[in-house]
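# Descriptive analysis of the structure
Chain by chain, the residues run as shown.
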Amino acid sequence: MQASLAGHQPVPLVEEKFLRLDGSAVDVEVATIPCMYQGKPAVQMFIRDVSARKRTEAAIRAILNGTAAVGEAFFDSLVSELANVLGVRGAFISRLLPHQDGRVRSVTLYQDGQYMENEEYALQGTPCEKVLEKEVVFYPRDVQQLFPGNAILEMRHAQSLLAVPLLSARGELLGLIAVVDDRPIVEDEMPKTLLTIFAARAAAELERLQTENSYQNIIENVSEGVFQSTPEGHFLIANPAMARLLGYDDPDELVQSISDLSHQIYVNPSDRLAWQRSLAQDKPVIGYEAQVYRKDGTAVWVVLNIRGVFDQDGALLYYEGTMQDVTERKRNEVTIQHLFEQTERRLKYVQALRDIDQAITSSLDLKMTLSLVVEQVVAQLNVDASAILLLNPHSQVLTYASSSGFRSNTIQRTRLRLGESCAGRAAYTRELVAIPDVRLEPEGQTLRAIVTGDDFKAYYGAPLIARGQVKGVLEIFHRTELAPDEEWLNFLETLARQAAIAIDNASLFEDLQRSNLDLVMAYDATIEGWSRALDLRDRETEGHTQRVADMTERLAVRMGMGEEALVHIRRGALLHDIGKMGIPDRILLKPTTLNEEEWTIMRQHPGLAYEMLHPIAY
């Protein structure tokens, strides 16, 4: 006012506090305009009560200040700002305890400018009981008189109380927010409106914290590892299960220790790049298997489920996902796969042995049987080539019999003495000869000369032994290093025994055929000898028996009789005259190798033939 008088200029609006008659302060807004009054300079003043507006502005500032904080600090800030803007001594926020029949516990308690220790109490019988029915509670004065003996009200010297329920987004009661004072609270809408605004914000934050705590409890107690990581390769957060999975003491140690996920965590850094590319192409990453390092450097198998988190503009913020240890499952899968392959391999082994057995029993063709053996050796033992050498029991020399898988035919010229080269040593010692690298063995020089044109490295030679006698050697050649297991060696020995049995059976059959041929020749020679003896006895008929037999045989040929019948007819013709010596035909015609049925056939049918033909020839 003085400035306006001195300068004869209007003064802009000024906010001031005036004292009312009762001593209370009131906010006012003052404006001055210079003027003349009764011929003298004067100032005209305009004064307006702005208490309501100031309270509104203070409430807005309180809301802004009270809601600026986050987390647990949010509630402390909220009650202090609320108490200050309403000019009350205390404010508090309490949450409803689940399954506790109306009991609450304070989240924050502000009284006389400081925070008090939180309390737990029942709402029944207190001024705030109606909050349980989701109603606003307002006692502007005399609250202690209305609820005598209430310790909480007495401790705070409360004369007035205003409480508003905290409701979730679904309308469920979460708790309450209240203010208390030792003086009456003005009965207007300002305190209720302000407290309702604060209640809405407090309820939202309380619900968020409860949801976050529930989520955090789930995350911390779930058995799978949960994480968030940046595109650059840093962990943002990780749960305890994630830390345990990777061998760290706690999540903080894990987050602080890892600065390059691709190389510090992933055994194959390309795995992280692979699922990043999938997410960039909008492909979900579900069940992605990878190996990761633990803190101690050991590797474990994990399954990843990952998604990208983006902002409202579509920019990638971070990745979040789960990691589960499946090392045991992978071990089981490997074991099952190994057992499956082992079973399948053994079935093939059994089938191969069955094929060889069938070849041995159904055919006496040794060449075909040995060819089947070497083919099965190459196929079932997964080697490059195989050969069988047979031992001549008279010259004691190993010679080529059959082979498979060779590029050249030099193996077919093999001729080794016992003890010579690798095969000769196997036959001489009767033991398996194994040479991992023929280039490093002295005997390898001879072996390489035998298989010129085939760059073999590994060699195995198994002796073929049947009935205690060496029949030959089964040889195996491979162009790379071999690392056979016990099962492989056992199957090799089994194949060697099968080959030895085949060779022995063929030898026995050949010897039997030779014996039968010798017996037949001896039988015919005996008959012809007796015929010549008969001729010598009677010189007048010398050569007669032989001539009759020849003519009988020619007549039989003209009649179209077969080779088998011709043999018996010729013998019958010779025996016709031999019988005159007193030797019965039956004894002469029945070799010890023929049974009764064979004798009948030979005696009846050929006998009838020569009986008809012999008189003509005679």
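Coordinates for the structure precede this section.
All chains use their own residue numbering, which begins from 1 and follows the written sequence. The model is predicted, so local features are restricted to residues of pLDDT at least 70 and side-chain atom pairs to those at 80 or more, both for listing and for counting; the totals for chains, interfaces and linings are taken over all residues. Just so you know, side-chain values use all the structure's heavy atoms and leave hydrogens and water out.

### Overview of the overall build of the protein chain
Here is the rule: Only DSSP runs of H or I with at least four residues qualify as helices, and only runs of E with at least two residues qualify as strands; both kinds are numbered from the N terminus onward. Relative accessibility under 20% of the residue-type maximum defines a buried residue, over 50% an exposed one, and the middle range a partly exposed one, all with a 1.4 Å probe and only protein chains included. The criterion used for residue contact is that any of the two residues' heavy atoms lie within 4.5 Å. Reported accessibility uses the Shrake-Rupley method at a 1.4 Å probe radius. Residues are deemed covered only where the shown protein chains occlude them.
Each helix and strand in the protein chain was counted, giving 19 helices and 21 strands. Per-residue burial over the protein chain gives 40% buried out of 618 residues. When contacts within the protein chain are restricted to residue pairs at least 6 apart in sequence, long-range pairs at least 24 apart make up 51% of them. Put simply, the protein chain shows about 34,700 Å² of open surface, and 53% of that area lies on carbon and sulfur atoms.

### Considerations on a nonpolar patch on the surface
To keep it simple, the criterion reads: Excluding any residue in a salt bridge, patches collect residues exceeding 30% relative accessible area, merging like charges within 9 Å and nonpolar Val, Leu, Ile, Met, Phe, Trp and Tyr side chains within 5 Å. The term salt bridge refers to a side-chain nitrogen of Lys or Arg lying within 4 Å of a carboxyl oxygen of Asp or Glu.
Judged by side-chain polarity, Met1, Leu5, Met45 and Ile47 come together as a nonpolar surface patch covering roughly 370 Å² of accessible area. With respect to the helices, strands and loops of the structure, methionine 45 is situated in strand 3 (residues 40-49). Methionine 45 gets classed as partly exposed once you look at its relative accessible area, which sits at 36%.

### Structural notes on the environment of lysine 134
Definition in use: We define a polar contact as two N or O atoms separated by no more than 3.5 Å, with the added condition that, inside protein, one atom must be a possible hydrogen donor and the other a possible acceptor, whereas residues neighbouring each other in sequence contribute only through side-chain atom pairs.
Tracing the backbone through its elements, the reader meets lysine 134 in the loop between strand 7 (120-122) and strand 8 (137-139). When its relative accessible area of 44% is taken as the criterion, lysine 134 is described as partly exposed. Between the C-alpha atoms of lysine 134 and leucine 166, which are 32 residues apart in sequence, the distance is 8.1 Å. At 2.7 Å, the side chain of lysine 134 and the backbone oxygen of glycine 171 are in polar contact.

### Focus on the packing of aromatic side chains
Condition: When two rings of Phe, Tyr or Trp (its six-membered ring) have centres within 6.5 Å they constitute a pair, described as stacked for plane angles under 30 degrees, edge-to-face for angles over 60, and tilted for the intermediate range. Either the NZ atom of lysine or the CZ atom of arginine qualifies as a charge over a ring when it sits within 6 Å of the ring centre and within 35 degrees of the ring normal.
Within the structure shown, the criterion is met by ten aromatic pairs. Taking 5.2 Å as the distance between ring centres and 80 degrees as the angle between the ring planes, the aromatic pair formed by phenylalanine 74 and phenylalanine 75 counts as edge-to-face. The exposure class assigned to phenylalanine 74 is buried, which follows from its relative accessible area of 0%. Exposure remark for phenylalanine 75: the relative accessible area of 1% places this residue in the buried category. Note on tryptophan 275 and tyrosine 319: the rings are 5.0 Å apart at their centroids and 85 degrees apart in plane angle, and the pair reads as edge-to-face. Of this pair, tryptophan 275 sits in helix 10 (residues 270-280) while tyrosine 319 is found in strand 15 (residues 316-325), placing the two residues 44 residues apart along the sequence. An identical accessibility class is assigned to tryptophan 275 and tyrosine 319; each is buried. Between lysine 330 and the ring centre of tryptophan 301, over which it is positioned, the NZ or CZ distance is 4.4 Å.

### Notes on the sheet that holds strand 12 (residues 235-238)
Short version of the rule: Here the rule is simple: two strands pair whenever DSSP picks up at least two bridges between them. The angle between two axes is taken between their N-to-C directions and runs from 0 to 180 degrees, where each axis is a line fitted to C-alpha atoms and a helix contributes only its stretch in contact.
Pairing is antiparallel across the open sheet formed by five strands, whose spatial order is 12-11-15-14-13. Either end of the sheet is taken by a strand with one partner, and the two such strands are strand 12 and strand 13 (285-293). Adjacent strand axes in the sheet meet at a mean angle of 30 degrees when their direction is disregarded. Two strands pair when backbone bridges link them, and strand 11 (residues 225-229) and strand 12 are joined in this way by three bridges, in the antiparallel orientation.

### Quick look at the side chain of glutamate 475
Heads up, the rule is: Think of it this way: Lys and Arg go in the positive column, Asp and Glu in the negative one, and His and the chain ends go nowhere.
Assignment of secondary structure puts glutamate 475 in strand 21 (residues 469-478). Despite being buried, glutamate 475 has no salt bridge partner; arginine 425 is the closest side chain of opposite charge, sitting 11 Å away. Of note is the side chain of glutamate 475, whose polar atom sits 2.7 Å from the side chain of tyrosine 459. Setting aside its immediate chain neighbours within four residues, glutamate 475 contacts Ala385, Ser386, Ala387, Leu389, Ile411, Ala423, Tyr459, Tyr460 and Gly461.

### Remarks on the nonpolar core
To keep it simple, the criterion reads: The nonpolar core is taken to be a set of buried Ala, Val, Leu, Ile, Met, Phe, Trp, Tyr and Cys residues, with the residues joined through side-chain atoms within 4.5 Å.
In terms of nonpolar packing, the biggest core is built from 28 residues, with Phe75, Leu82, Ile93, Leu166, Ile177 and Val179 touching the most fellow members. Of all elements in the fold, only helix 3 (72-86), strand 4 (90-96), strand 5 (103-111), strand 9 (160-167), strand 10 (173-181) and helix 6 (189-221) reach the threshold of two or more residues within this core. Ranked by the residues each element gives to this core, the list is headed by helix 6, at eight residues. If sequence neighbours within four positions are ignored, leucine 166 has contacts with Ile93, Ser94, Glu172, Leu173, Leu174, Gly175, Leu176, Ile177, Ala199, Ala202, Ala203 and Leu206.

### Examining the pattern of salt bridges
One side chain can pair with another of opposite charge once the charged atoms of both are near each other. Following the criterion strictly, the structure yields 19 salt bridges and no others. Glutamate 205 is the partner of arginine 201 in a salt bridge, and the nearest nitrogen-oxygen pair spans 3.4 Å. Here glutamate 205 and arginine 201 lie together in helix 6, a separation of four residues that amounts to about one turn. According to the relative accessible area criterion, arginine 201 is partly exposed, its value standing at 30%. With a relative accessible area of 4%, glutamate 205 lands in the buried category. In this structure, lysine 330 and glutamate 289 form a salt bridge, with 3.1 Å as the shortest nitrogen-oxygen distance. One end of the pair, lysine 330, is in helix 11 (residues 327-362); the other, glutamate 289, is in strand 13, and 41 residues separate them in sequence.

### Notes on unusual backbone geometry
Not every positive phi belongs to a glycine, and aspartate 101 is a case in point at roughly 55 degrees. Tracing the sequence through the fold places aspartate 101 in the loop between strand 4 and strand 5. Of note in this structure, aspartate 142 is not a glycine but carries a positive phi near 55 degrees. Along the chain, the position of aspartate 142 falls in the loop between strand 8 and helix 4 (143-146). Judged by its relative accessible area of 37%, aspartate 142 falls in the partly exposed class.

### Structural notes on the sheet that holds strand 3
Pairing is antiparallel in the open sheet, where three strands are placed in the order 1-2-3. The two strands at the open ends of the sheet, each matched to only one other strand, are strand 1 (11-19) and strand 3. Strand after strand, the sheet turns through a mean of 35 degrees between neighbouring axes, direction not considered. The sheet contact formed by strand 2 (residues 25-37) and strand 3 spans ten bridges and is antiparallel.

### Digging into the pairing of strand 1
Here strand 1 runs beside strand 2; their pairing, made up of seven bridges, is antiparallel. Counted as the bridge partner of phenylalanine 18 is valine 26 from strand 2.

### Quick look at the environment of arginine 272
Inspection of the secondary structure puts arginine 272 in helix 10. Among the residues examined, arginine 272 registers a relative accessible area of 2% and is labelled buried. Excluding residues that lie within four positions of it along the chain, arginine 272 makes contacts with Ser229, Thr230, Pro231, Gly233, Leu261, Ser262, Tyr266 and Tyr319.

### Topic: the side chain of aspartate 271
Summarising the element assignment, aspartate 271 is placed in helix 10. Of the side chains bearing the opposite charge, arginine 277 lies closest to the buried aspartate 271, which forms no salt bridge; the N-O distance is 8.4 Å. Here tyrosine 288 takes part through its side chain, which lies 3.1 Å from a polar atom of the side chain of aspartate 271. Sequence-distant contacts of aspartate 271, defined by excluding residues within four places in its chain, comprise Tyr266, Tyr288, Ala290 and Gln291.

### Some thoughts on helix 10
This is how it is decided: For this quantity, the arc is that covered by the directions from the helix axis to the C-beta atoms.
Listed as buried for helix 10 are Asp271, Arg272, Trp275, Gln276 and Leu279. Buried residues of helix 10, seen end-on, are gathered within an arc of 135 degrees and therefore sit on one face of the element. On its buried side, helix 10 packs onto strand 11, helix 9 (261-264), strand 13, strand 14 (299-310) and strand 15. Directly beyond the C-terminal end of helix 10, a positive phi value near 60 degrees is found at aspartate 282.

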